Every structure is written in structure tokens, then in C-alpha cells.
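Single-letter residue listing:
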Amino acid sequence: MSKPVPVALGCEPVVGSLTSSRKRDYKVTNRLQEGKRPLYAVVFNFIDSCYFNVFATVGGNRVTVYQCLEGGVIAVLQSYVDEDKDESFYTVSWACNIDGTPYVVAGGFNGIIRVIDAGSEKIHKSFVGHGDSINEIRTQPLKPSLVVSASKDESVRLWNVHTGICILIFAGAGGHRNEVLSVDFHPSDIYRIASCGMDNTVKIWSMKEFWTYVEKSFTWTDLPSKFPTKYVQFPVSKNLFMLQIKIYYNCIQFQVFIASVHTNYVDCNRWLGDFILSKSVDNEIVLWEPKVKEQTPGEGVADILQKYPVPECDIWFIKFSCDFHYNAAAIGNREGKIFVWELQSSPPVLVARLSHAQSKSPIRQTAMSYDGSTILSCCEDGTIWRWDAVANSAT
Amino acid sequence: MVSKAADSAIKLRKSHGQPANDAVGTLSSKIDQLEKQIQAERFVSIKEKLLRNGKKVQCHVSHVVSAISKRDSLHTQENRINQMLSSRIDHPLFKFNAFSQGSGDKDLNNSLDVIFTASIKMPYIERLPPYTSWIFLDRNQRMAEDQSVVGRRRIYYDQHGSEALICSDSEEELTEPEEDKHEFTDAEDRILWMAFEEYGLTEEVLDAVSESVGGTRQEIQDRYKILREKNMERQDQESESSGDVESRIGISLEESLSTALDSFDNLFCRRCMMFDCRLHGCSQPLIYPSEKQPVWFEHEEDRKPCSDQCYLRLKAEKILEGNEATTMEEGVLTLASSGAAELGNKSTATTLVEERCNSMNATPFPVEVAGCGGLNLNVPVAESLGKRKTINQSDKALSDLTLLTDDSQSSCKKQKKITDTDVVTAVNDYNRDLNVSACDEKCIIASECLNDSVERASNKPLLSGSTCPDEHGNVGDGPKDGMAEAEFNESSYFMNEHVEGMKSLSEWKPLEKELYLKGVEMFGRNSCLITRNLLSGLKTCMEVATYMHAGGASMPYRSNVPPNSLKNDNGNTDAECTDQEMPTRARLIRKRGKTRKFKYSWKSAGHPSIWKRIADGKNQSCKQYTPCGCQSMCGKQCPCLHNGTCCEKYCGCSKSCKNRFRGCHCAKSQCRSRQCPCFAAGRECDPDVCRNCWVSCGDGSLGEPPRRGDSQCGNMRLLLRQQQRILLAESDVAGWGAFLKNPVNKNDYLGEYTGELISHREADKRGKIYDRANSSFLFDLNDQYVLDAYRKGDKLKFANHSSNPNCYAKVMLVAGDHRVGIFAKEHIEASEELFYDYRYGPDQAPAWARKPESSKRDESAASQGRAKKHQSH
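Attention here is on the structure that accompanies the text. Because the structure is predicted, anything quoted here is derived from the model rather than measured.

**Describing the overall build of chain A**
Line of reasoning, step 1. The secondary structure content of chain A amounts to two helices and 30 strands.
Line of reasoning, step 2. For chain A, buried positions account for 67% of its 395 residues.
Line of reasoning, step 3. In the form shown here, chain A has an accessible surface area of approximately 12600 Å², with 53% of it arising from carbon and sulfur atoms.

**What about the overall build of chain B?**
Line of reasoning, step 1. Along its length, chain B carries 30 helices and 18 strands.
Line of reasoning, step 2. For chain B, with 873 residues in total, the buried portion stands at 47%.
Line of reasoning, step 3. Partitioning the intrachain contacts of chain B with sequence separation of at least 6 by distance along the chain shows that 68% fall at a separation of at least 24.
Line of reasoning, step 4. Approximately 45600 Å² of chain B is accessible, and the part contributed by carbon and sulfur atoms is 51%.

**Examining the pairing of strand 6 (residues 74-82) of chain A**
As a general feature of sheets, a regular strand has side chains that alternate between the two faces.
Line of reasoning, step 1. Among the nine residues in strand 6 of chain A, nine count as buried, and that is most of the element.
Line of reasoning, step 2. Linking two consecutive strands that pair antiparallel, namely strand 5 (residues 62-68) of chain A and strand 6 of chain A, is a turn of five residues; a positive phi of about 70 degrees is found at A:Gly71 within it.
Line of reasoning, step 3. Two strands pair when backbone bridges link them, and strand 6 of chain A and strand 3 (residues 120-122) of chain B are joined in this way by three bridges, in the parallel orientation. Following the sheet pairing, A:Tyr80 is matched in strand 3 of chain B by B:Ile120.

**So, the sheet that holds strand 13 (residues 156-160) of chain A**
All names here are of chain A.
Line of reasoning, step 1. Across the sheet, five strands lie side by side as 11-12-13-14-18; this open sheet has mixed pairing. Among the strands making up the open sheet, the edge pair consists of strand 11 (134-139) and strand 18 (230-232). With direction set aside, neighbouring strand axes in the sheet form an average angle of 25 degrees.
Line of reasoning, step 2. Where strand 12 (residues 146-151) meets strand 13, five bridges bridge the pair, whose relative direction is antiparallel. Within strand 13, the residue paired with Ala150 across the bridge is Val156.
Line of reasoning, step 3. The strands touched by helix 1 (residues 211-219) within the sheet are strand 12, strand 13, strand 14 (165-170) and strand 18, with strand 14 carrying the most contacts at an inclination of about 160 degrees.

**Some thoughts on the sheet that holds strand 10 (residues 122-127) of chain A**
All names here are of chain A.
Line of reasoning, step 1. Spatially, the four strands line up as an open sheet ordered 7-8-9-10, and their pairing is antiparallel. One side of each edge strand has no neighbouring strand; the edge strands of this open sheet are strand 7 (89-96) and strand 10. On average, each strand axis in the sheet is inclined to that of its neighbour by 20 degrees, with strand direction left out of account.
Line of reasoning, step 2. Of the strand pairs in this sheet, strand 8 (residues 102-108) and strand 9 (residues 113-117) are connected by four bridges, and their pairing is antiparallel. Bridging from a neighbouring strand, Val104 pairs with Ile116 of strand 9.

How each quantity is defined
Residues numbered from 1 in each chain as written. Chains lettered and ligands numbered in written order. Predicted model: local features only at pLDDT ≥ 70, side-chain atom pairs only at ≥ 80, totals over all residues. Heavy atoms only, no water. Helix = DSSP H or I, 4+ residues; strand = E, 2+ residues; numbered from the N terminus. Buried < 20%, exposed > 50% of the residue type's maximum accessible area, 1.4 Å probe, protein only. Areas by Shrake-Rupley, 256 points an atom, 1.4 Å probe, with all protein chains shown as cover. Contact = heavy atoms within 4.5 Å. Pairing = 2+ DSSP bridges. Axes fitted to C-alpha atoms, helices over the stretch in contact; angles between N-to-C directions.

This is the structure:
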């Protein structure tokens, strides 16, 4: 997939070299076969320090909670199964209520978000509302009772898992024009989220204006369905032009922040500080800085800073993951190989390239542990692979 | 950056001094060099950016860490133990041991299967019928440009994922080759600047440059010119040091009206009377009706001074002198209040009153009542100010006055009462002003300005704050002296004074002038209304009147006359003075006669061709209406006539235009049958056009319009949104369905099918996508537009298809717009599901619409064309 337009002079990105630096070596320490259905998501718990070695996977109608123990041992802790055999979970995320009880939040084909109380092994809530499949769920790290979901119904929704309220719906006039595939909370700007999808765009939204509703959702005692859910129709950018117009007439719509970085589906995006990491089906992860165009304030431009090549990664619905400190990202490819990139060095450094003779199935998602020493991958063929950093090679 | 490059370029040229031809070789190497340098700089900057960003990331992470530890501290060890997850950690369901150290890679054949012995079940929940997030619309919207799918690449994947099926239609890719204007980056600027500055703008250099810089040759040359201009500007600025930059917020008075009104013209929809109309869009062509609305009219005799600064006061004095008693009350009032003004001031002012009274003595004019009223009321004021002497003097003057006006009393008895009350208010007004002001030493003009300046203080703090006080002083002197020896025979005297005063106080800014002209257009030569509505806070009525007499009205013909030249015009303003309202009145009378004549001369309401179409039994073909801008009568060139639409009230043409749809005259029928020409033509009645169709508004507390018919028209239901409550629920047939809350009768209006207005071309493209999903919300509206309710619409979009429906859809022309109404075909009970016949074209219908018994979302649908719903006939 070649770029249609050559990159303008002075805007070239730094492209990482695929020669592995072997800064860190990983070895397969375990492999599990979890049924025959594809596993679409695997995620470590970054919410509760006692459970940093606990992870969850989803595949088919099943949600499973595991623990990584010393020496490559994996323990099965909990297993949940949806009575609807047709359900196929696509995504899972960890969250918690305000008391800190850990929740596993999963969603998929049916469009119903399942909030499982891992503390009592019971289903806490089921969110019905999305009009179609759910492609990704993410948790706000500072307020882990808030989750966002990206759906095929072209909307992104913000939920409060504690009270079970759908607080905001990001859709409408300025919203996505096709399935939303990925969404992520800004790490420090609590109001901000980025979403991307099949319409080839990344949209940055702000819920600052609606924050009172978010706060209200924590104290809501009435039925969740009676909560005044708000529509956020326009992605927002800082817009000085707007202010001036507002003095004239109070009627102009908000402008849209759309960045065209990709010419195909954008299936995963994550914030890296104020920059955005995103990937399409172009065999690479791209790091770019969102900027507002001066002439046309509505549309954003992306200043592509770095590229992290990932060979054989030209199918969609392959998601990458970062460790807790955003030092590295791991991504699998169509052929079962994993590429671990150092994110913040310039030029990017390939930490390691993980391959195994028997890992041939497409890797749908990876999970990096808190310190990046363990990498998990879940595959199309229903296997989970555990890779552990080899201690001595770190020197 | 450019200037830096320029400096170095100049230096280089000087040091080398090579002729351009030889230099081309070195140029390309130099460009290469510069390119490399730019790239290196870029990489350094990225590195720096990442470093900075890395710090932010660290900061973010530390926040999260502290949040985690805070949560941890909340947990006591106890409640953690109670948690199943913790206990599971101690007692896992199963443990999978790692590969033994020596086993290596080959030993993985025996994979460890996870066996789920104790799975916790999640109870079954039925999934919702699929839908796409949609936004409620209560009126149709035109599609925004960026929502188009035409010419956009569309990629489909099969259901399960990995392989691309269709990337895009070849046709689509060809349609809009994206020929964007090249945007030059800083780096490109640097290269072309360096090259041209150093080697001159020759073909060879251009060749070399275009190799490394994007854009066409022309664009490169243009860019160079822009850069040069910028560079010049920068140098200029540097030499001038820092010129203060004026911050422009809001409407500046220096702007012209057209600039200031630009957004108004662009954003205000004259059809919907709202800003940012999504139905008719921005930048509609402005169509001015050839028949102007009659200007607002008040008889001069009925008019009261609009303020202290009303020209009527001024006028009264003039009239006074000319022995005219027509506008006496105003005149009296003016006198009274100006008398009051002077009372409050120093003795110089009182002498003025005497003077004035003396001059009035000469005229047999009944000022007595007003004078007394004014005086009585003024006493307390004056006393409080401690000017007893003044009162005495004015007392004297007034008694003189009374004596002399006795003989004319009889003629003004009728006016006594009115005048009294008027005076009271006027004086009260004055008192208020007086209290506010601190400068009661100032003469008339000063007090006149008061009101103005108070107002202005809020609007233009700068102006009133800095310039006004000074001006007061200066101006105040003039009239003081002038009036002491005033001879009232010179009628233009006051005028001159005012013009001068005005000029120094506030020059007429271009915007004000244009606003004034607009005012004349709207209100005629009525300075009170112009001031109140358009220039409030900017100009006083008196100023406007003066300006008007000074020939302001003729400004457009001498558009470039600077405000200074006003003074020269003052000499010959006298002649125009008297005609303030005259032309207006004449025009109005003419107009009234005309309209009346037409009203009663209409025999048939509709246009013959419409009648014919109706008679043919064919509904009026659904042609999109666009207002024409024809003046008076529409001829063959009229776009409406050409399009086959009627002219409507939004057209520029005259009401007597032959192509106008003239509404109905139905008296009792409620316009619900084909006897009503509106109904027959597929139109809703329009209270502006139809004779007997009227609308009552609100609860009647605001007063009702005259009832023209016997009963309210029944053919304005879309216009008045007299719709039923529609409920959305899972359909009994397929997917979602629309249900009715309350029972309705046959032909009742249920609601509107709203959506995005898209072109047929767009609809074809979208239709392809929708047909793929086998769920289409397209509705054929007219020859230009299709309604798409996919992302925007209302609940009626969920009403399903049936070949034996209980509703029907009908396209109605409502105030020039086609809208889709859904009506009951029969009596429908409460909470019944609504169906109507989609009336797909024979080749478009999906399988489920073709076979009467099949459901809407039949999976085996194989549609040929693009399915679009149509109205029932």
C-alpha cells in the first residue's frame, strides 16, 4: 500500500529500522489452547497493583481471567460464558467501581457490554444500547469507573460502570461515517478521547462541556435509563476562529477535527502523551502530532513524526498494546510474529522480533505487562502465547 | 526563517558573483545540500518533540501511579480477602506449568488445552435489532459537503474479515481527481527562496527547483512572489519598529455595512427566518421582492418625540417661528423641556429663555399651557439646585408669555391635557438626565449630548470617555454665545450649530451612513424610527434628522463624499426640510390601492397550467422550487416557469405574476378535499397566500389574527406540526418498527419523514452501500433531491413496508419546500404498528418488497437498482 502523495519536504517522518537491536530478548515460556474459536483480545490489569499480573482474554462467547505466575506458569482464575452461543466477544478491558472492586468489561458481536464483577464472580451489569457490534472498550486510567466503547453503529459511548449509566454518545453530524474500530482516553487530559474507524479518520473529541453529566453519573440514584444521556455531535478542537464568530452570531457549529493519516481502515489508536499512535493495514504503526489547520480551522492535519514498520501486518483488526510506562509497544502480525518497538526513542528502535516455528496464526492482540517483561499474544487459532524477557540479555 | 535564508542568499550571491547560467550546476548541488540540511533539522526537531512528549508521558504515568496507590490505600486487607479474585489467586481453577527449561522450541506439540470446569454463566440477553446511531431531525437538512460519499474510496471487507472485497468503483475513482492546491511547507519555501534569490527567476532555476519542491511551476512562481512580499513587509515592519496592532473584535465602525452584514447575508435564511438554516443553506442568492413592503408609517401628527434628542423638538421651534400650529404639541413640548434645561443651568441660560420668550411674543402662539406645566414641574428641580433667582426670572418671562398668548387659547384647548402629560414625562426624562450629569454648566448641546453619551458610555467607552467631555466644552460655548443674541428668524441657524456640534462629536462613519440608508429604505424618512432601530447608541434622532436634511439620503449617488463636506451642504438644506414624511405617505397610499384591487380581482386562485395538471389527474410533478429573482412580471426567462414550478411568495416577482400560485379561497371545506386547489396540487395552504386559511397562535394571550374563515384550515398540518406521538419499538415483522401512541382516524396526519436532502447522484452511491446492508432509508423527494434518513431523521423512518399498509406517504409542498408526510390510510388503534407501501420502482425493489408475504429484512434480497421509497399516488 504505497502512499499516494509523496511526503512534502521538511515533513518526513523518521522511519524505524527493522534490524533488531536485541536490547531485550524474549522466550516462549508457555502456550495455552483456549478452545478453537479465535481470541480477539487479551489485556493485563493496570488498575489495581495487586493484580498487575492478572490478565483477561475473550474469544467466542467466553471471558477468561488468568494470572501470570513466576517461571512461566499461567493459572486460570475465573471463566465466564455467555448463554448466547452466538455471542462473539471482540474486546475486553479492566475497570473498577469506586470502592475498587475489579470489573472485567467485555463486548462484541451482540453489542451488549457485559460488566463482570470479578470480586464476586457475578455479572454486575449488562449495557444494552449500542445498535451493533462493539469493537473496542477502553478504561479511563484516572477514573477507572469510566469506560468508552467503540461500535459498528458508528458511535462511541461513554459509560459509568459503577452506576451503569450511558453518559455520552459521540456520534452525529461530525461523527464517524462507518464502524468505529478503536478508541482511547487521553492519558492526562481527562476530557479528551480519540477514536478511529473504517471511515479512515481519527477524530479527537472533548467532553469538557459535558463534564457535569459525567460527574452527575456517579451520584445518579434513579434508573440508569432515566439519565439524560447527551449526544456529542462534533469532535472539538481548540478553535480561536470560533470565538470571533460567536461575537457576531451565536449559531455556528463546532468544527471537526479530522486527520487523514491513513487511506484505509484505522483499526487501532492510542495516545502517546499528546501524540497519537495509530495503525491501518499499511504494515506500520504511525506516530503523529495532531494540529489544527490555520486556513480551515475545522479540519486537522497530522504531522507524521515517526513510523514503526511491522511487516506482514496488512489485515485489519490487529491491535497493538503498550506497557504501563509507554516505553514499548508490541504488535503481532498475520504470520504469528511479534514486533516490539521502543516508542519514545528517535529514530525508533526495534527491541525484539519474536517468532516461533509453531506460531503461524494471525495474532489479533498482544498485551504487555506492567514493566514490559512479559508479552502475551492471542491468536486466530485460539492459542495464548506467553513470552518472558530473558533476564541476562538486558545488560 | 525565510528572512534568514534570504540574508544568507544575498551574502552568497555577493561572494560568488557568478553569472546565472554557470550557476545552475551548483544550484542543484546546493539544493541537495539544503535538502539534507532541512532533513537533518527535521529529524532533530522530531527528536526534541519526542523528548518533550516523553516527559509528558512520564508525568501522565506518575499521575496514574498515584491514583492506583490511592485506591490501594483505600483497600484494607480484609475486604481484599473477601474478594473472589484474590481468593482465586490463592486457589486457582487450574495451573499450567511452563515449558521445562531444556524442552526448547520443538517440544510444543502437546498444547495445553484449557478445560473449563466451572464457568460462570452470563444470563442470556436478547440483542437489539441492529441500527446505526442517528440524530433526530425535526426538519429536513441539506447534506453538508463533507458528508458526501461520492468520489470517496469505500472499502468493503467480507463479514468475517480479512480479505478486501471491493476497494471502490472504478467510476467513483475517476469522478473527482483530487487536484488540490499545493501547500508549501517551510522547507520548500526555504529552497525556492534560496534558489530564486541567488540565481534569479529563470527557467533553468525553475526546473531545478521543481524537482525538489512540489506544486506546478506556476504555483512555485506565485509562491515566490508571495514570499517576496512577505519579506518586504517584514523589512518594513522592522524599520517602523512596532506599529500598534489594532485588535478587531466584533463589528468595527470603520467597516462598511456590506462587510459587517456579510455573515448576515450569508447565514440568515430569509425563508425560514433563522440563522444557519440547514435546509436552504448558506449564501443563498438574495432575492428582493419587486413589491416593497410598505414602509412603517406614522402620521406626523400622532408622533411623539422619541427622546430628548428628537428632531421633532427642533422642528417645533422652527414651526413656531413660521406661524404654523400643525405640530404644536411637539413644539410646545420641546420648548418646555428646553426651558427646563435652561432653568437648571446658569443665568446665562435663563436669559436665553427670556430671549426665546420674547421672540415668541411676536407670534400669536399658544405656548402658555405648556410653559406653565413646564415651569411648575421645574420648580422643585430648580430649587434643589439652589437657583431661586433663575426661577424668578423665568417666572417673569413666563407671565409675559401667558399674557400674550391669551387670544389664541381657544384654539388649543383640546390639546391642553395631552400637552400636560407630555410635559410631565419630558421633564421627568430631563431630570433623570440632569442627575446623571455632572456638567450642568454646559449649555443646551451639552445636555443634549448627555442622553447620548450615557448610552454611548456602554457601547463605546473609548469614544465617550476621552473625546466627549472636551467636545462638550467647546461646543457648549458656541451655542451659548450664539443663542444670547439669537435671532430666531434664521431657521437654519440651529441647524448649523447642530451640524457643527455633531461633526465634532461624532463623525458619520461609513457604517453609520450605510445603516442610515438602510433605515431610509425600511422606515422612510423617519429619523425617530431609523435612530431607534438602526443607530441606537450611535446617533441621536436629531443628528439623523440633520443628516437627512443635509442630503444624507442622496449619499449613495455621491458615495465618496467625505463627511467634512457636509458642512457645505447646509446652506441649501432648507428646501428639503419640510418633506420628511411626504413621499412615504404618498407611496403608501398608492400601494394600498393596488393591493386591494388585486385582492378582489382574483377570480381563480391557481394558475391555469396548474389547473390543467390537476385536471389531468396527475399530481403536480415534484419539481424542486427555487425562488426566481424576476422583477415585476415573470417572462419566458423566468427560472420558475422554465423549471415548471409555480412562483411562490419567496420569488422576486410581483404578486400579480401569472405564474404565481395564488392559494385557495376555500371558506368552509377546511381544505381537505381536492376541491381545494392547494390540496389538489399537493400543497399545504399558506396563511400568507390563501385567503381564508388562518392560523391562531399561542393561547390567544398575544391577541389573535383576524379570523378569515369559519374554521381553521385542515391543510397546514405539516406547517403547524400537528403530528401524532410516534413510538419506537421492536417490530412485529422485522427489525425496528414505528408505533402509534393514540388512535387516529383515516387521513389523519401522523408525522413527517425527515432526513438529509441529498442529490440523486449521491443517493445512488449511498444506495449501493445501503443495499449491501439491505436496509435503506432513502425516499425520493423530487427531481433534485432524495431524502436519506440513515443518520438523521425521525422515528417514522422505522415504519416498515407492507403491501397492505395502514398508512400512506405523500410529498407535500409546504412553503416552497417539499416535505414527506405520513398519513393514516384507515382508522388506526393505539399502539398499532405503522406500515406504508414503499412503492419501490419495479426494477429497484428488494425481494422482500416484491413478494407480498415476505418480511422486510429478508436475507436473500437481491436488488437491481438502488431502492428508494416513493410517495403513494
